[in-house]
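Examination of the molecular architecture
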Amino acid sequence: MAQVTGVVNDANNFPEMDAEVVVKGTDKVAYTDENGKFDIDAKIGDVLIINGKEFTVTSNNLGVVKYAEEDVTLQEVIVTAYGTQTKESLTGSVGEVKSEELAKVTSGNVVQGMTGKIAGVQIVSNNGLPGTAPNVRFRGIGSINGSSAPLYVVDGVPFNGDVSGINNQDIESISFLKDASAAALYGNRGANGVIIITTKKGVKGKTRYTLDLKSGVAMRGVPEYNISKNAAGYYEDYHRMLKNTSIHNGSSEADAHTFASNNLITGSNGLAYNVTNVANNAIIGADGKFNSNASILYQEDWADFMFKDGGFYTNTYFSANGATDDTSYFFSVGYEKNDTYMVNSTFEKFTGRLKVDNKIGDRIKVGGNLAYTLLLRNMPDGFDGGTSYSNPFQWTRNIAPIYPLYAYDAQGNAVYTSNGDRAYDDGTGVYSPFVRPYGGMQNPYATALYDVKKSRVNQVFANTYATFNILEGLDFTYSVTGEFANNDWKSLDTSLYGDAVGVNGRVYNSMQNTYSITQQQLLTYKKRINDHNFDVLLGHETMDRQVDFLEAHSTNGLLVDSPYLNHYALLRDATGNGTPYATEGFFARFNYDYGNKYYINANVRRDGSSRFHPDNRWGNFFGVGAAWRVSQEAFLKNSKVINELKLKASYGEQGNDNLGYNFPYKDLYTIVQTTNAGETAISYNQTFKGNKDITWETNANLNAGIELALFNSRVTVDAEYFLRKSQDMLYMRPLNVSEGFSSYPENIGDMENRGFEVTVNADVIRTKDFRLGVFANVTTLTNEITKLPENNVVSGSYLLREGESMYSWYLREYAGVNQETGAAQFYKVDATTGEKTITENHAEATLQFIGKNAVAKVYGGFGLNMDYKGLDFGVNFAYQAGGWGYDSQYMTLFDGGRGETFHNDYANTWTSENRNAALPVVIADNAKQYYSTSTLGLIKSDYISLQNISLGYTFKKGLVDNLGLTALRVYALADNVWVWSKRKGYDPRMSYTGISDTTYSPIRTISAGVNFAF
């Protein structure tokens, strides 16, 4: 016997509470909860009696089930394009995550929490700053230069806002439409997949209230690289580097040692800071070790100041919902705050939502959905990466451990300002007797305290609709959605420390407003004639969006802590622009099934985009799919092993209009601005060369698969093959400098992504009191460029070549270490013969196709869920393998720059005492470029991450009733728990190509909470 789980809705499709569910012919009975959900012991083929009506069980899969007035079977319903479909009727590829799983996500952006949960979908976090939107890729790479981002749809409407503005607990389900049969109905913006977010609605019955409270701690989720943290050890390493440099330049061992000792603190490569109690040339002894008679006077770890052990995290959510026969309503408010693990970095989110649906008579239904979000972000300097000294990750990763955060005198005594405060050491020698050679005028901790980087986003989503029942089965819906987002950004670079000291402070103020209106007219017709079931949709949709931007920049401030322009005397710059974008689409869908065995889904859409010239503005797109439920045939219908067997196939084409420019067909010009009132002539410069003939990029998608359920549906398997072809790709073709422009927009080349997806779910143990379920998904991926107008196009460190991946590495090939000298060796390739020879000159080495690429060949997720008498436990993992990344951060830690620390693998570099070392000798300032870009920096981008853990307990009904509640649950959650990669500190999840950088490292959140329902 297995558990059958479902949701009971009334005739108006509202969830129904306390509905009685009985297994016919037995004494087994269950009642639906406040969300209409029930769980009862039954098996495939049993008949359930729900409120006096009989239903045949065909599946016991978890999920929302449909309940109509007529006697039909219970079927899982999935939200798809412009409507819903039963899982059995789908001919395409759709993945779905329900509210039960979404409630376990603590990330500020709900999509970030979906990593590893859906086959074929890769989610990459380019920035760990809370609420930052991740990059999502469906089945590979959609384009070389065009956008590969999916379309977001919220409650049936294409969404232009920030998904992090949606409260996770407002969401009922998220659907991922992966192929053209499922997504082509969205036409121009669905080429890279579609993510449909459906929010909750009212449940029939009296008003039900939910209060969810959770708090916890947010800490750094990925440890730092193994870098030198010890001052004495760093002096030894730097001395050895100076000695190696001298030997490399021809000195003897003895002379090189003397040179290194004499130049350790002073000289052109000297460190400048002697934080010991001995003379500069006595810090390192004759044995190359730190002087045993020396003491370190002071040492501070910048990371201890920049990064906290943990910041406070809290989340409060309240909702009220209910429904009558004619009206349903849902209301919620939420507040989230994450103090993060970084100094002066916080994230706050305020959300509110009101959703009402109402029947007027028998033929009219109207409704509205109003949501408001306020996002407040305090961001650290350099939060988006880069090599700026103000970037906390760049600074703490690279500065040598001998440089303190606070200022000290030559005897090691603390230095104070005239106000009696501890003075910060900014490397200029103002408060310290030394001038720091690394990051002069910089103290990122001080600037983090005094700088301001604030973003305030107000986001409004307002939708209203009216549905008219014209005839039985024939409905017309008119929907209007307005969206508004205001992003107010204020930046202050303090006049006290950092690079704005010389201009007495610097501020930037900017404002961006985004307005959009989406209108939909939908005509639907549903009809069943005996075993024939028809579902037809005709639709028209328009979207108009306007983005207005204004920014000003001033210096020379009166107040050291003000981020406002009117407190600064010198206006440096002011700019503003407005960018329109509009689309229009006409579409149709035809769904047919015969006897719940044979299915056909077909759709077509004609789209117009303002991004193309009127002559090329319109494109035609379509999708078609078919499915056969073999398990419904007589020869399998009564099988005790195979409960469901469906074969499906689909094909379709979709368009992409996003090259990153809103007018790629036009020549663009910039006005030359002046502050000279006497200058009356207006001059301008052309900044972009347009192409009138540029048009749609087309994505052709082929999908074929099988869906299988075994052993009373305790084991389910979904397996699919996909082939995704990008044709006439949107591409910025590089131009010669002589042409006056760097690039030119064209439709050039074809590319394909192909692979397999397999998803397996299994109930290993399922009894009345105990359930143990496991799940796993795996996707294989091959990315290949199939057509280019010119072969072997160099794109940064990649080579675009027919027959190879878009991210094929194009680098100098590292050949090893010269054991006599420690020099790095590289291959030099004869252009005529192809013969390889060895060179120790990095500049002479040949840039070449390496035969490795950055695209992971395999990725997916796995985990388990367990329930026992009210106790629930879940754990989720994600993984990838088969790609090659480039660890630029690791390579930088061998640069040998003045005042820059080393990776602890420095011990494995060549010295005269360690001639068999795996790594080349380290030379001051990387003068020989031994650690410049080459295959030495390549690293396998494989990883396994423990994404989240959940543990909860739901109290028994008797106790809850005594407390005056309808439900009570306590729980604990851990998000972004751990990641295993090839090197400590290297996180392949931060980039699709596995390139390491200095962006905000991901946050690990551990929290505990309680959920009340009453």
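Now for a look at the structure at hand.

Basis of the calculations
Residues numbered from 1 in each chain as written. Predicted model: local features only at pLDDT ≥ 70, side-chain atom pairs only at ≥ 80, totals over all residues. Heavy atoms only, no water. Helix = DSSP H or I, 4+ residues; strand = E, 2+ residues; numbered from the N terminus. Buried < 20%, exposed > 50% of the residue type's maximum accessible area, 1.4 Å probe, protein only. Contact = heavy atoms within 4.5 Å. Areas by Shrake-Rupley, 256 points an atom, 1.4 Å probe, with all protein chains shown as cover. Lys, Arg positive; Asp, Glu negative; His and termini not counted. Charge placed at Lys NZ, Arg CZ, Asp CG, Glu CD. Pairing = 2+ DSSP bridges. Phe/Tyr/Trp six-rings, centres within 6.5 Å; stacked < 30°, edge-to-face > 60°. Lys NZ or Arg CZ within 6 Å of the ring centre and 35° of its normal. 1 Å grid on protein atoms, 1.4 Å probe; cavity = no way out; pocket = protein on both sides within 12 Å on 5 of 7 lines; lining within 4 Å. Points joined across faces, edges and corners; volume = space filled by probe spheres on them.

Quick look at the overall build of the chain
- Looking only at helices and strands, the chain has 10 helices and 51 strands in total.
- Taken along its principal axes, the extent of the C-alpha atoms in the chain is 100 × 70 × 65 Å.
- Per-residue burial over the chain gives 56% buried out of 1014 residues.
- Of all intrachain contacts in the chain linking residues separated by at least 6 positions in sequence, the fraction that spans at least 24 positions is 68%.
- For the chain, the computed accessible surface area is about 40900 Å², with 53% contributed by carbon and sulfur atoms.
- Computed over 89 positive and 109 negative side-chain charges, the inter-centroid distance for the chain is 4 Å.

Some words on the pairing of strand E26 (residues 598-609)
- With 12 bridges connecting them, strand E25 (residues 568-594) and E26 associate as antiparallel partners. Directly across from Phe587, in E26, lies its bridge partner Arg605.
- Joining the antiparallel neighbours E25 and E26 is a turn of three residues, in which Gly595 adopts a positive phi near 60°.
- Sheet topology places E26 next to strand E27 (residues 618-629); 11 bridges connect them, and they run antiparallel. Considered in E27, the bridge of Gly608 is made with Trp618.

Quick word on the packing of aromatic side chains
- Across all of its chains, the model carries 49 aromatic pairs by this definition.
- Directly above the aromatic system of Phe307 lies the positively charged group of Arg220, at a separation of 4.9 Å from the ring centroid.

A word on the layout of surface pockets
- In this structure, the second largest pocket encloses a volume near 1500 Å³.
- Forming the boundary of the second largest pocket are 48 residues, of which Ala133, Asn160, Gly161, Asp162 and Arg545 lie nearest the centre.
- Among the secondary structure elements, those contributing two or more residues to the lining of the second largest pocket are strand E11 (135-138), strand E12 (151-154), strand E21 (452-471), strand E22 (474-493), strand E23 (506-529), strand E24 (532-557), E25 and strand E28 (642-656).
- For the lining of the second largest pocket, the element with the most residues is E23, which contributes four residues.

Some words on unusual backbone geometry
- Here the phi dihedral of Ser713 falls at roughly 60°; this positive angle occurs in a residue that is not glycine.
- Positionally, Ser713 belongs in the loop between strand E31 (697-710) and strand E32 (715-727).
- With relative accessibility at 5%, the residue Ser713 sits in the buried group.
- The residue Asn792 is not glycine, and still its phi comes out positive at about 60°.
- On the accessibility criterion, Asn792 (38% relative accessible area) is partly exposed.

Quick word on the sheet that holds strand E14 (residues 171-177)
- Strand order in the open sheet made by the five strands is E9-E14-E15-E12-E13, with mixed pairing throughout. Each edge of the open sheet carries a strand with a single partner, namely strand E9 (94-98) and strand E13 (157-158).
- Here E12 runs beside strand E15 (residues 194-199); their pairing, made up of four bridges, is parallel. Within E15, the position partnered with Tyr152 by the bridge is Ile195.

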